[in-house]
Amino acid sequence: MRIIHARPDDVVKLLAFREEAAAWLTRLGSDQWQRPYPADRLLSTIEADSVFMVMDGGITAATITLTPGVEEGLWTEQELGEPSTFATKLTVARSHAGQNLGGRLLDWAGDRAYRTGAKWLRLDAWTTNEALQRYYLRQGFAHVRTVREGDAVNGGPRVSGWLAQRPTAPADHGFEDNT
C-alpha cells in the first residue's frame, strides 16, 4: 500500500468516503459526522497538501489530514507553542477494516511529524464516541482534556473536543510513502 497526497479532483471521492464512515457510525449508534462536511473546506486542505490517502492498488483504503494548525479554542497557547502536528479525519474504508490500517496510518503520521521537528502528534476526537476514544488510547495517545465550549467548523455546537496527544517518533509503518 502506498500513501499519496489527495488532489482537488478527489473531493467528491473523499466526501463519499466520509459519508460511508458516517453511515457506519450511525449503525453503531453514534451521531458522529452526521452533518455534511463543507466541500470548499475540504478542497482548501487538499490544496494545502494536508490530505493524504492510502491506496491499495486503485482503491482508496484510508485517509488522514495532517495540519500544523488547529481549530480555535481547543489547545492552550502554551500547547500551541510546542511543535505539533494535528491529525484529523482519520477514516478507513469498511472494506479494509480490521487490518490495523488506522494504527499504521497514525504511526506514519507520527513518523512524518517527527521528521518535520514536531514533538507531538495531536488530535481531537468526537466527544461522545467513547469507543473511538478508547481506540486512540490503545494507539498510545494520552487524553489531555475534553473541551465542550465553542462551535463546530461545519456549524452547530462543538462536538469534537476530546483532546489527546502522543510523542512523535520514527516508525516502521510499512507504507510506500509517495508524498
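Residues numbered from 1 in each chain as written. Predicted model: local features only at pLDDT ≥ 70, side-chain atom pairs only at ≥ 80, totals over all residues. Heavy atoms only, no water.

## Examining the side chain of Gln-133
The condition that has to hold: Put simply, DSSP H or I for four residues or longer makes a helix, DSSP E for two residues or longer makes a strand, and each gets a number counted from the N terminus. Using a 1.4 Å probe on the protein chains alone, a residue whose accessible area is under 20% of its type maximum counts as buried, one over 50% counts as exposed, and one in between counts as partly exposed. Contacts: residue pairs with any heavy atoms within 4.5 Å of one another.
Inspection of the secondary structure assignment puts Gln-133 in helix α5 (residues 130–138). Judged by relative accessible area, which is 10%, Gln-133 ranks as buried. Once you skip the residues sitting within four places of it in the chain, Gln-133 turns out to touch Trp-126, Thr-127, Thr-128 and Trp-162.

## A look at helix α4 (residues 101–115)
Filter applied, for reference: Multiplying 1.5 Å by the helix residue count minus one yields the expected span of that helix.
Its 15 residues give α4 an end-to-end C-alpha distance of 21 Å, which sits within 8% of 21 Å, the value for a rise of 1.5 Å per residue. Among the residues making up α4, those that are buried are Leu-101, Gly-102, Gly-103, Leu-105, Leu-106, Trp-108, Ala-109, Gly-110, Asp-111 and Ala-113. Looking one or two residues past α4, Gly-117 carries a phi angle of roughly 95°, positive in sign.

## Examining the pattern of salt bridges
Close approach of charged atoms allows side chains of opposite charge to pair. Here is the rule we go by: What makes a salt bridge here is a side-chain nitrogen of Lys or Arg within 4 Å of a carboxyl oxygen of Asp or Glu, nothing more.
This model, assessed by the stated rule, comprises eight salt bridges. The salt bridge involving Asp-111 is made with Arg-115; its shortest N-O contact spans 3.0 Å. With a gap of four residues between them, Asp-111 and Arg-115 both fall in helix α4, about one helical turn apart. A network of salt bridges, in which partner residues are shared, links Arg-7, Asp-9, Asp-10 and Lys-13.

## What to know about helix α2 (residues 39–47)
Threshold: Read the arc as the range of directions from the helix axis to the C-beta atoms.
Residues Leu-42, Thr-45 and Ile-46 constitute the buried set of α2. Mapping the buried residues of α2 onto a view down its axis gives an arc of 105°, with all of them on the same face. Summarising the geometry of α2, the exposed residues directed more than 90 degrees from the buried face are Asp-40 and Glu-47. Backbone geometry just after α2 places Asp-49 at a positive phi near 60°.

## Regarding the environment of Leu-14
Secondary-structure assignment places Leu-14 in helix α1 (residues 11–27). Along the backbone, Leu-14 and Thr-60 are 46 residues apart, and their C-alpha atoms lie at a distance of 8.9 Å. Not counting chain neighbours up to four residues away, the residues in contact with Leu-14 comprise Ala-6, Leu-42, Ile-46, Val-51, Met-53 and Thr-63.

## Notes on the pairing of strand β1 (residues 2–5)
The line we're drawing: For two strands to be treated as a pair, DSSP must find no fewer than two bridges joining them.
Two strands pair when backbone bridges link them, and β1 and strand β2 (residues 51–56) are joined in this way by four bridges, in the antiparallel orientation. In the strand pairing of β2, Ile-4 is matched with Met-53. Taken together, the two bridges between β1 and strand β8 (residues 176–177) define a ladder with parallel strand orientation. Within β8, the residue paired with Ile-3 across the bridge is Asp-177.

## A look at the nonpolar core
For the record, the criterion: Joining through side-chain atoms within 4.5 Å is the link that ties buried Ala, Val, Leu, Ile, Met, Phe, Trp, Tyr and Cys residues into a set, and such a set is a nonpolar core.
Ranked by internal contacts, the top residues of the largest apolar core, which has 23 residues, are Val-54, Ile-64, Leu-66, Leu-105, Trp-108 and Tyr-136. Within the residue set of this core, elements represented by two or more residues are β2, β3 (59–67), β4 (84–92), α4, β5 (120–125) and β7 (162–167). Residues contacting Trp-108, with those up to four places away along its chain left out, are Ile-3, Phe-52, Ile-64, Leu-66, His-173, Phe-175, Asp-177 and Thr-179. Counting ten residues, the second-largest nonpolar core is a separate cluster that includes Ala-6, Leu-15, Val-51 and Met-53.

## Some points on the sheet that holds β8
Operational definition: In this description, a line fitted to the C-alpha atoms serves as the axis of each element, helices being fitted only across the stretch in contact, and the angle between N-to-C directions of two axes falls anywhere from 0 to 180 degrees.
Taken together, the eight strands give an open sheet; going across it, the order is β6-β7-β5-β4-β3-β2-β1-β8, and neighbouring strands pair in mixed fashion. Every interior strand has two partners, whereas the edge strands, β6 (142–146) and β8, have only one. In the packing of α4 onto the sheet, contacts are made with β1, β2, β3, β4, β5, β7 and β8, and the angle to β3 comes to roughly 40°.

## Re the packing of aromatic side chains
Which entries qualify depends on this criterion: Between rings of Phe, Tyr and Trp, where Trp is taken as its six-membered ring, a pair exists when centres lie within 6.5 Å; planes separated by under 30 degrees are stacked, by over 60 edge-to-face, and by other angles tilted. Two limits define a charge over a ring: the Lys NZ or Arg CZ must be within 6 Å of the ring centre, and within 35 degrees of the ring normal.
Taken as a whole and assessed by the stated rule, the structure comprises four aromatic pairs. Pairing Phe-52 with Trp-108 gives two aromatic rings, centres 5.0 Å apart and planes at 65°, and the pair type is edge-to-face. With Phe-52 in strand β2 and Trp-108 in helix α4, the pair connects residues that are 56 residues apart, well separated along the chain. Neither Phe-52 nor Trp-108 differs from the other in exposure class; each is buried. Stacked on the ring of Phe-175, the Lys or Arg Arg-104 has its end atom at 4.3 Å from the ring centre.

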